[in-house]
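# Observations on the model geometry
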Amino acid sequence: MNVYEKESFGRGTSHLLGHHQVTVKDRKLMEITGVKKLHSFDSELFVIETTMGVMTVRGVDLEMKNLELDKGELSIMGYIENHEYEDSGFDGGGKGLFSKLFK
């Protein structure tokens, strides 16, 4: 389990950090903008905090191709099966993805 986080999104950072976009090319490459933190990843699951909430990406043979937190960008290679958002986000309020995982 690895955690990558950009500590501050204040001055001197890209204006694209507030913008969130997901692009999937042939289910083999996913490019994501608006990435705030990469909570964990392995060959089957990425858990990413974005400006629009916590996003999970599931697939086969997934690997991180590129991570630039100062720009809020992440690229994932492998066979992309699906991605989804946790509506309640990563707020520690007891209803988020991590509170469900670590009961």
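For the structure itself, consult the block above.
Scope of this entry: the structure provided in the associated data block.

About the thresholds
- Residues numbered from 1 in each chain as written.
- Predicted model: local features only at pLDDT ≥ 70, side-chain atom pairs only at ≥ 80, totals over all residues.
- Heavy atoms only, no water.
- Helix = DSSP H or I, 4+ residues; strand = E, 2+ residues; numbered from the N terminus.
- Buried < 20%, exposed > 50% of the residue type's maximum accessible area, 1.4 Å probe, protein only.
- Contact = heavy atoms within 4.5 Å.
- Areas by Shrake-Rupley, 256 points an atom, 1.4 Å probe, with all protein chains shown as cover.
- Pairing = 2+ DSSP bridges.

What follows concerns the overall build of the protein chain. Scanning the protein chain from N- to C-terminus turns up 1 helix and 7 strands. By residue count, 33% of the 103 residues in the protein chain fall in the buried class. Sequence separation of 24 or more characterises 50% of the internal contacts of the protein chain that already satisfy a separation of 6 or more. Element-wise, carbon and sulfur atoms account for 47% of the exposed surface of the protein chain, whose accessible area totals about 6500 Å².

Turning our eyes to something else, we now look at the pairing of strand S4 (residues 35–41). Looking down a regular strand, the side chains alternate between one sheet face and the other. By the criterion of burial, S4 is predominantly enclosed, with 5 of the 7 residues buried. The pairing of S4 with strand S5 (residues 45–50) spans 5 bridges and is antiparallel. Opposite Leu-38, over in S5, you have Ile-48 as the bridge partner. In this structure, the hairpin formed by S4 and S5 is closed by a connection of 3 residues.

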